[in-house]
Amino acid sequence: MVESAKLPYTNELGFYEMRFESIGGLGANLAGQILAEAMVLGQGLNGASFSSYGSEKKGSPIKSFVRLCAADREVRTSSPVERPHLLAIFHEALTGLDGTTEGLTSESTVVVNTTRTPAEMRDILQLPSGRIGVVDALGIAVQEKTRLNTAMLGAITQAAGFIDREVVRKTIADALSQRYPSLVEPNLRTFDRGYHELVLEDFAPDGKYDWIPFTRFVPALGYANVPLGGTIINPGNTILKDLSPSRQGFVPLFHRDECIDCGKCEMTCPDYCFVWEEGVDKRGRPAMVLQGIDYQHCKGCLKCVEICPVEALTMEREEPELVRRTSIELVGPPEALVAMERSKFHLYGEPESPGYWDKIS
Ligand code: SF4
Ligand code: SF4
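Residues numbered from 1 in each chain as written. Chains lettered and ligands numbered in written order. Predicted model: local features only at pLDDT ≥ 70, side-chain atom pairs only at ≥ 80, totals over all residues.

If you look the protein chain up in an unreviewed UniProt entry, it shows as Pyruvate ferredoxin oxidoreductase gamma subunit from Candidatus Hakubella thermalkaliphila.

Written out as structure tokens, the structure is:
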């Protein structure tokens, strides 16, 4: 019989709870399943893992949950984890979304896939205190030719403090060995690197930020007031939609000097990310001239990079500063935008080029 692991914290129901904030396709659901299986079969706990998806799966923000308790208790709830003891953020862009850090307490540990330091991450998350771990899970996955969920699993294992690394390694190996035996070794390497390369730092309460009282997120539209068929019909409503979290670590970068304004990227892009302005062509004739990309609407499919005939678009590793420096704001037609509230959200701070609302105010 396996000796039961001791949980460092539990809530009033006796549960230690984890929440993974991720993007459909990054593998947070599988990471949760592997972790829960390892804890139940290998460390003598009871546990459950489950996920919450939006309307689309791949590319949309999702949440995955792991709930653990002592072996003599039962998990008889599958409600979302609202007050996580461990929060893992699989994509840095999610730090800007409402609800990502909801419910953290001074006992919580936060693990983020990022190239930033824990102190930088603390400022972005505005955490009053607690433990923050950072790991370049995407960088590890790119180097090892695997997926970042295994690197995050290593980092989570390290950060939680009570999880037996060998038990999780064995669960990963068991999960892959039958159908994908060639993936076992690279994934174990990825897991080990996530485990060892996690940088953890504790922040004591220093008055820099205040705890925001927990409030349960209630969507503005529900069964009682959503339009017939669930369709939001006011024109231009997608101007508020932010596709940044759908990107999986890479962005197209525009090089004005190479561009011949052929428009192939514009025709290929599924999300109208390209910003054009009236200007003149090389012979001085009136023409539309490409200014750049509004990354708020870019999902990172990189179809534009493939189609560009002159390499005026290249695939680059996404860095927040790169996106902030090079993003050009797409301005919609005034008649569409006036129907919207002025809440356009800038993930990386105010853009350097003024947008429509800045121009008219
Ligand atoms: S496809 Fe390339 S060359 Fe053509 S407009 Fe787009 S960026 Fe410029
Ligand atoms: S990667 Fe290119 S084609 Fe894809 S959404 Fe972004 S700008 Fe459009």
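In terms of regular secondary structure, the protein chain is built from 11 helices and 11 strands. For the protein chain, the proportion of contacts with a sequence separation of at least 24, taken over those separated by at least 6, is 70%. (Helix = DSSP H or I, 4+ residues; strand = E, 2+ residues; numbered from the N terminus. Contact = placed C-beta atoms within 7 Å.)

Moving on, we get to unusual backbone geometry. Unusually for a residue other than glycine, Gln-126 sits at a positive phi of about 55 degrees. Inspection of the secondary structure assignment puts Gln-126 in the loop between α2 (118-125) and β6 (130-135). Residue Gln-126 is classed as partly exposed on the basis of its C-beta count, with 13 C-beta atoms lying within 10 Å. Not every positive phi belongs to a glycine, and Leu-302 is a case in point at roughly 65 degrees. (Buried ≥ 20, exposed ≤ 12 C-beta atoms within 10 Å, placed from the backbone.)

Our next topic: the nonpolar core. With 55 residues, the main nonpolar core has Leu-35, Ala-88, Phe-90, Ala-137, Met-152, Ala-155 and Ile-156 as its most contacted residues. Sort the elements by how many residues they give to this core and helix α4 (residues 148-160) lands first, with 8 residues. Excluding anything up to four places from it in sequence, Leu-35 contacts Ser-49, Val-66, Leu-153, Ile-156 and Val-168. Counting residues in each nonpolar core, the second largest holds 16 residues, with Cys-265, Leu-290, Leu-313 and Ile-328 among its members. (Core = buried A, V, L, I, M, F, W, Y, C linked by C-beta atoms within 7 Å.)

A few words now on the sheet that holds β6. Read from one edge of the open sheet, 7 strands run β2-β3-β1-β4-β5-β6-β7, paired in mixed fashion. Edge positions in the sheet fall to β2 (46-52) and β7 (199-203), since each has one partner strand and no second. Averaged over all pairs of adjacent strands, the angle between their axes in this sheet comes to 15 degrees, without regard to strand direction. Both strand β4 (residues 86-89) and strand β5 (residues 109-113) contribute to a ladder of 4 bridges, which runs parallel. Residue pairing across strands places Leu-86 opposite Thr-109, the latter belonging to β5. The strands touched by helix α1 (residues 28-43) within the sheet are β1 (16-23), β2 and β3 (61-69), with β2 carrying the most contacts at an inclination of about 175 degrees. (Pairing = 2+ DSSP bridges. Axes fitted to C-alpha atoms, helices over the stretch in contact; angles between N-to-C directions.)

Compared with the 18 Å implied by 1.5 Å per residue over 13 residues, the 18 Å span of α4 between its first and last C-alpha is a close match. Burial analysis of α4 places 12 of its 13 residues in the buried class, which makes it a mostly covered element. Three or more residues of α4 are buried, namely Leu-148, Asn-149, Thr-150, Ala-151, Met-152, Leu-153, Gly-154, Ala-155, Ile-156, Thr-157, Ala-159 and Ala-160. Positive backbone phi, approximately 90 degrees, marks Gly-161, located one or two places after α4. (Expected span 1.5 Å × (residues − 1).)

Moving on to the environment of Leu-138. Among the structural elements, Leu-138 can be located in helix α3 (residues 137-144). The exposure class assigned to Leu-138 is buried, which follows from the 24 C-beta atoms found within 10 Å. When the C-alpha positions of Leu-138 and Gly-194 are compared, they lie 10.0 Å apart, and in sequence the two are 56 residues distant. When neighbours within four sequence positions are excluded, Leu-138 is seen to be in contact with Asn-113, Leu-148 and Gly-249.

Our focus in this paragraph is the packing of α3 against α4. α4 packs onto α3 with a crossing angle of 130 degrees between their chain directions and a minimal axis gap of 8 Å. When the axis of α3 is compared with that of α4, the two are oblique. As α3 runs across α4, the sense of the crossing is right-handed. Every residue of α4 that contacts α3 at Ala-137, Leu-138, Ile-140 and Ala-141 is listed here: Leu-148, Ala-151, Met-152 and Ala-155. Class assignment for the residues of the contact of α3 with α4 results in 8 nonpolar, no polar and no charged. (Parallel < 35°, antiparallel > 145°, perpendicular 65-115°, else oblique. Left-handed = near helix turned anticlockwise from the far one by under 90°. Nonpolar A, V, L, I, M, F, W, Y, C, P; charged D, E, K, R; others polar.)

This part is about α3. By the burial criterion, the buried members of α3 are Ala-137, Leu-138, Ile-140, Ala-141 and Glu-144. Projection of α3 onto a plane perpendicular to its axis shows the buried side chains occupying an angular sector of 160 degrees, all on one side. Buried residues in α3 make contact with β5, β6, α4 and α6 (184-197). Just past α3, the residue Lys-145 takes up positive phi, approximately 60 degrees. (Arc of directions from axis to C-beta.)

Now for the environment of Pro-205. Structurally, the position occupied by Pro-205 is in the loop between β7 and β8 (250-254). For Pro-205, a count of 12 C-beta atoms within 10 Å corresponds to the exposed category. In the structure, Pro-205 is positioned 99 residues away from Ser-106 in sequence and 8.7 Å away in space, judged by C-alpha atoms. Contacts of Pro-205, omitting those with residues within four sequence positions, involve Pro-128 and Ser-129.

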